[in-house]
Amino acid sequence: MTSEELKIKLAQLVNYAKDNLSLREEDESYVTNGLLAMFNLSAPATGVENYGDFQSEIVDPIVAYAIENGMAKEEENILFETKLLGLLTPSPSSIIDKFDILVSNTGIRSATDWLFNLSKANNYIRCVDINKNIKWEHTGKFGKIGITINLSKPEKDPKQIAAAKLLPKSGYPACLLCTENVGFAGTLNHPARQTLRIIPIKLGGESWSIQYSPYQYYREHIIALSNEHRPMAVNSDTLFRLLDFVDLFPHYFIGSNAALPIVGGSILTHDHYQGGAKVLPMFEVGTRKQYGGSKYKDVEVYVADWYNSVVRVSGKNKFEVHEIATDVLETWAKWSDESVNVICKTSEQHNAVTPIARKEGDTYIIDMILRNNRTDDAHPYGIFHPEEKLHNIKKEGIGIIEVMGLFILPGRLKSELECIKDYITGNKNIDFKELNNSENPMFKHAPTILQLVNDHGNSRDRVYADRVVTDYVNDACEQILECTAVFKNDEQGQSAFDKFMTQGLGLKEL
Ligand SMILES: [Zn+2]
């Protein structure tokens, strides 16, 4: 591309920003001059009115120009794109002002719609990557579950990994969730965040912020983060902050990962919550049992009819709901029942809760998912963690999104599941030497391949093989959810659950 063509692309980018990024007329020259300086140009193109496709016709050619002209290395393409689009995005304070005006004039829903659309339009949320994800739904024993093979995290190529290794760690920002990320230029091992904009809020009297998740595991996947870099914790104050959040954003649910490894999320170092607009599978299930007898007559307490162990508290009085949810949290923290292998504490704490709040009309609902992260000799990965035979599908901790029935499976499965199908169609023959080689990515699937070929043969057509492999993944996800249940869905488990509700919490079955 010539520099004359580049000038036209840059002018189109400014037009795009006026239409999609709330770039104001008053800022147009300022932004245009910033772009000229960035590309060492003396004057902009004039008379450019329209623009084509944002990614393929504007952004990609500009980034390619930068790489061709030595302004960025090939492996730094996303870093450069983010720097470019950060320049086009209004400043953090003007975003906050506009958000507040929208809240006052047209309500919170329109304010979050605007911020969400802006976060997509400036590629902070890269829809081009997220649209690559493979998604389906499965109707299982206790309702629908969602399954996503996550292809949106760009695979790092060996060049990027090698370059990242050489970089010194600065310790700034302290983690990916710190508010200091706003505007950060990024490196090959810390994403660029010039396009990130956050909104300050108050939760339980504390200063927090919201931002959208760049990964968007479900619709309007939002993150609330403490303005202070401090470890995750789930306590009575947490529950109150979750209830405050649904008062501020009644159209979103919000929940916290448990604050212990294995049962918690991937970031335990920064206190944060995850929420969003989507009705997650667990919310839709009914009641297995209802309990009464609390000192509050207007709060209802249920066991939800779900794969794992969920105490559901609902009522119109926020303080009463908070008090009973706190009672569940504090009672569970000290509850042991050796008949079902639940031991709350050894040298360290094992019982924990994943709490999720939402509002339906003026009713507050908190789902308290009971968790335990203890390991023993027979279960080195966790007694209530997926069994080893399921690790070919998911080995990582089962966090808040999965326990609610939405599975985010690793991207490697796309090619690996195709390869399993090849054995069922006879496209590939079983070679024990090859399958027993631990270097082979299919090594972990060897028992599955042998079982499926044994059950279905090796001369099926592609459609049949697709069905078999999808059914296998669906079943594995249901089993993973059952593994996380501290009270199993059998007579012994349910009677232990009942004991927790009655003897532990002092309630009566209705
Ligand atoms: Zn942090």
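Reading the values: the criteria
Residues numbered from 1 in each chain as written. Predicted model: local features only at pLDDT ≥ 70, side-chain atom pairs only at ≥ 80, totals over all residues. Heavy atoms only, no water. Helix = DSSP H or I, 4+ residues; strand = E, 2+ residues; numbered from the N terminus. Expected span 1.5 Å × (residues − 1). Buried < 20%, exposed > 50% of the residue type's maximum accessible area, 1.4 Å probe, protein only. Contact = heavy atoms within 4.5 Å. Polar contact = N/O pair within 3.5 Å; in protein donor to acceptor, adjacent residues only side chain to side chain. Core = buried A, V, L, I, M, F, W, Y, C linked by side-chain atoms within 4.5 Å. Pairing = 2+ DSSP bridges. Axes fitted to C-alpha atoms, helices over the stretch in contact; angles between N-to-C directions. Phe/Tyr/Trp six-rings, centres within 6.5 Å; stacked < 30°, edge-to-face > 60°.

Chemist: I'd love a proper account of helix α10 (residues 318–333), names of residues and values included.
Modeler: For α10, which comprises 16 residues, the first-to-last C-alpha distance of 22 Å matches the rise-based estimate of 22 Å (1.5 Å per residue) to within 8%. Residues of α10 that are buried include every one of Lys318, Glu320, Val321, His322, Ile324, Ala325, Thr326, Val328, Leu329, Thr331 and Trp332, and no others. Buried-residue contacts for α10 involve α9 (236–248), β9 (300–304), β10 (310–315), β11 (351–360), β12 (363–372) and α16 (491–504). Measuring from the backbone nitrogen of Phe319 back to the side-chain oxygen at the start of α10 gives 2.9 Å, which picks out Asn317 as the cap.

Chemist: Let's hear about the nonpolar core: which residues, and what values?
Modeler: Judged by nonpolar contacts, the single largest core of 91 residues is most densely connected at Phe39, Phe245, Val311, Leu370, Phe487, Phe500 and Met501. Examining the composition of this core, we find that seven residues originate from one element, helix α3 (residues 54–68), more than from any other. Setting aside residues up to four positions removed in sequence, Phe500 forms contacts with Val311, Val328, Thr331, Trp332, Trp335, Leu370, Phe487 and Leu505. Formed by 50 residues, the second largest nonpolar core is a distinct cluster that contains Ile369, Leu409, Ile449 and Leu452.

Chemist: Before we move on, can you summarise the sheet that holds strand β6 (residues 253–255) with the specific residues and values?
Modeler: Taken together, 11 strands build an open sheet; the order of strands is β3-β4-β5-β7-β6-β11-β12-β10-β9-β8-β14 and the sheet is antiparallel. Strand pairing shows two members of the sheet lacking a second neighbour, β3 (199–203) and β14 (508–509), which therefore form its edges. Sheet topology note: the β6/β11 ladder contains two bridges and is antiparallel. When the bridges of β11 are listed, Ile254 appears paired with Ala357. Across the face of the sheet, α10 comes into contact with β9, β10, β11 and β12 while running at roughly 5° to β12. α16 contacts β8 (287–292), β9, β10, β12 and β14 of the sheet and is inclined by roughly 25° relative to β8.

Chemist: Before we move on, can you summarise the environment of Arg219 with the specific residues and values?
Modeler: As for its placement among the helices and strands, Arg219 is situated in the loop between β4 (206–212) and β5 (222–226). C-alpha separation for the pair Arg219 and Ser119, spaced 100 residues apart in sequence, amounts to 13 Å. Arg219 has contacts with Gly276, Ala277 and Lys278, leaving out every residue within four places of it along the chain.

Chemist: If you had to explain the packing of aromatic side chains to someone new, which residues and values would you point to?
Modeler: Using the criterion set out here, one finds 20 aromatic pairs in the structure. Ring geometry for Phe240 versus Phe319: centroids 5.8 Å apart, planes at 35°, classification tilted. With Phe240 in helix α9 and Phe319 in helix α10, this residue pair connects regions lying 79 residues apart in the sequence. Assessed through its relative accessible area of 54%, Phe319 is described here as exposed. In textbook terms, an aromatic cluster arises when at least three aromatic residues are bridged by ring pairs, as seen for Trp332, Trp335, Phe487, Phe497 and Phe500.

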